[in-house]
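A structural walkthrough
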Amino acid sequence: MNLKKILIFGGIALVVLGGGIGGAVIFLHHGKNKTADVKQVVPPKPLLFAELDNMVVSIPADVGQPATSYVQFGIQFATTDPDAVAAFTSLLPIVKADVINLVMNETQKTLQDPATRTKLTANCLAISNQVLEKNTDFKPVNPFTAAYITNLVVQD
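First, a word on scope: everything that follows refers to the structure included in this document. (Residues numbered from 1 in each chain as written. Predicted model: local features only at pLDDT ≥ 70, side-chain atom pairs only at ≥ 80, totals over all residues. Heavy atoms only, no water.)

The next point concerns the pairing of strand 2 (residues 67–79). Side-chain direction in a regular strand flips from residue to residue, so the side chains alternate between the two faces of the sheet. Looking at chain direction, strand 1 (residues 48–60) and strand 2 are connected through 11 bridges and run antiparallel. Note on strand 2: the bridge partner recorded for Val56 is Gln72. Relative to strand 3 (residues 146–155), strand 2 runs antiparallel, the two being bridged by nine bridges. The partner of Val71 across the bridge, within strand 3, is Val154. (Pairing = 2+ DSSP bridges. Helix = DSSP H or I, 4+ residues; strand = E, 2+ residues; numbered from the N terminus.)

Once that is clear, we can look at the side chain of Glu106. Its location among the elements puts Glu106 in the loop between helix 4 (92–104) and helix 5 (114–136). Of the side chains bearing the opposite charge, Lys119 lies closest to the buried Glu106, which forms no salt bridge; the N-O distance is 5.5 Å. Only 2.9 Å separates the side chain of Glu106 from the side chain of Thr110, close enough to count as a polar contact. The contact partners of Glu106, leaving out residues within four places of it in the chain, are Ile59, Pro60, Leu111 and Thr116. (Buried < 20%, exposed > 50% of the residue type's maximum accessible area, 1.4 Å probe, protein only. Lys, Arg positive; Asp, Glu negative; His and termini not counted. Salt bridge = Lys/Arg side-chain N within 4 Å of Asp/Glu carboxyl O. Polar contact = N/O pair within 3.5 Å; in protein donor to acceptor, adjacent residues only side chain to side chain. Contact = heavy atoms within 4.5 Å.)

Phe73, Phe77, Val99, Cys124, Leu132 and Phe144 are the most contacted members of the largest nonpolar core, which totals 27 residues. Put simply, the parts of the chain that give this core at least two residues each are strand 1, strand 2, helix 3 (82–90), helix 4 and helix 5. The dominant element in this core, judged by the number of residues it contributes, is helix 5, at six residues. If near-sequence neighbours (up to four positions away) are discounted, Phe73 is found in contact with Asp53, Asn54, Met55, Val99, Val103, Leu120, Cys124, Ile149, Asn151 and Leu152. (Core = buried A, V, L, I, M, F, W, Y, C linked by side-chain atoms within 4.5 Å.)

Below, the discussion takes up the sheet that holds strand 2. The pairing of strands in a sheet happens through backbone hydrogen bonds and is either parallel or antiparallel. Judged by pairing direction, the sheet is antiparallel, and its three strands sit side by side in the order 1-2-3 without closing on themselves. Taken across any chain shown, the strands that pair with only one partner, and hence form the sheet edges, are strand 1 and strand 3. Adjacent strand axes in the sheet meet at a mean angle of 15°, parallel and antiparallel pairs treated alike. Strand contacts of helix 3: strand 1 and strand 2, with the helix running at about 35° to strand 1, the strand carrying the most contacts. Sheet strands touched by helix 4: strand 1 and strand 2. Its angle to strand 1, the strand with the most contacts, is close to 40°. (Axes fitted to C-alpha atoms, helices over the stretch in contact; angles between N-to-C directions.)

Spelled out as structure tokens, the structure:
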């Protein structure tokens, strides 16, 4: 082959190859959905608290003994739903009565055990969600996601 033919075939191959690459780049660039590349950052909902303020309940020192000690107890429930806080506030006497009954079943000795406090927290959380569901048919179910003991003082 002479040099002229080689240059002509090389030029044609270069044009075809360049067009194929350019077409692929254009296809890939225009084929992407630009909105899919942008990640939507959703700010977290603010954490709200419903509070069951300090209650004083008489408890026995140990099982089978008369109530000679007092426990001061306070707990807060976390949610992201402001309607849950409003419903909780309106039903506070019911929640408080159920929590008092729960705490009255404890003793001074059992409240010293960290496992009992964890169980007490979980039971109070269940009570708050159950009261809302039972008395207001609140949706979504279980709007309170966590409970935090804010005060637990046992006195003789």
